[in-house]
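Here is what each chain is made of, one letter per residue.
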Amino acid sequence: MSGEKEIYLGYTTDKAVTPFFKQFLEALEKQQLMKSTCKKCKSEYLPPRQYCQKCLTECELTEFTERDAKLVSFTVVEFAPESLASRQPYVVAIGEFPSGRRLTAHITNLMDMPKVGMKLKLSFERVSDKQVTYKWQV
Ligand SMILES: [Zn+2]
């Protein structure tokens, strides 16, 4: 037994293949969302990227603390991949935080069709023993 903890994002069973991504998932377990910032040009990425898209320098993880956002775009998924079949139809939405940062996630507690401009709140879910994810709630 290696003592290596297994952890996955969302509903997949893809292992956290890099230490960088694993750090992101372990923060999610503690209900912290991490962004990444380029060590050289200071570009920011949410969700985090390990390497800067502009200058290819390695990024470092820092906590992203905004939780309230507004809905800017959404789509209803009627035909889901197998791993999400039990949840279909479901809504995937882009929310925008006051800082202007945007994030894509499922909205999981809708009672009605979503409306652009409605308030969203970021929350976290332990899907199973080894799976964590983040989501929007209305
Ligand atoms: Zn950079």
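No experiment lies behind these values; they were computed from the predicted model shown. (Residues numbered from 1 in each chain as written. Predicted model: local features only at pLDDT ≥ 70, side-chain atom pairs only at ≥ 80, totals over all residues. Heavy atoms only, no water.)

1. Digging into the side chain of Ser-43
Then comes step 1: Inspection of the secondary structure assignment puts Ser-43 in the loop between strand E2 (33-38) and strand E3 (44-45).
Then comes step 2: The residues touching Ser-43, leaving out its near neighbours within four places in the chain, are Ser-36, Thr-37, Cys-38, Cys-52 and Lys-54. (Helix = DSSP H or I, 4+ residues; strand = E, 2+ residues; numbered from the N terminus. Contact = heavy atoms within 4.5 Å.)

2. Observations concerning the coordination of the zinc ion
Then comes step 1: All of the protein donors around the zinc ion are Cys-38 (SG), Cys-41 (SG), Cys-52 (SG) and Cys-55 (SG); their distances to the metal are 2.3 to 2.4 Å.
Then comes step 2: Coordination geometry of the zinc ion: the 4 donor atoms subtend angles of 99 to 122° at the metal centre, consistent with an arrangement described as tetrahedral.
Then comes step 3: Spacing between the donor residues of the zinc ion along their common chain follows C-x2-C-x10-C-x2-C.
Then comes step 4: Assessed through its relative accessible area of 1%, Cys-52 is described here as buried.
Then comes step 5: Residue classification places Cys-55 among the partly exposed residues on the basis of a relative accessible area of 27%. (Donors = N, O, S within 2.8 Å, 3.2 Å for Na, K, Ca; no water. Tetrahedral: all angles 85-135°; square planar, octahedral: opposite > 155°, others 65-115°. Buried < 20%, exposed > 50% of the residue type's maximum accessible area, 1.4 Å probe, protein only.)

3. Some points on the sheet that holds strand E4 (residues 59-64)
Then comes step 1: Across the sheet, which stays open at both edges, the 3 strands sit in the order E3-E2-E4 with antiparallel pairing between neighbours. Looking at the sheet topology across the chains shown, the edges are occupied by E3 and E4.
Then comes step 2: Pairing geometry for E2 and E3, over 2 bridges, is antiparallel. Within E3, the position partnered with Ser-36 by the bridge is Tyr-45.
Then comes step 3: Those strands touched by helix H1 (residues 19-29) are E2 and E4, and its axis lies near 145° from that of E2. (Pairing = 2+ DSSP bridges. Axes fitted to C-alpha atoms, helices over the stretch in contact; angles between N-to-C directions.)

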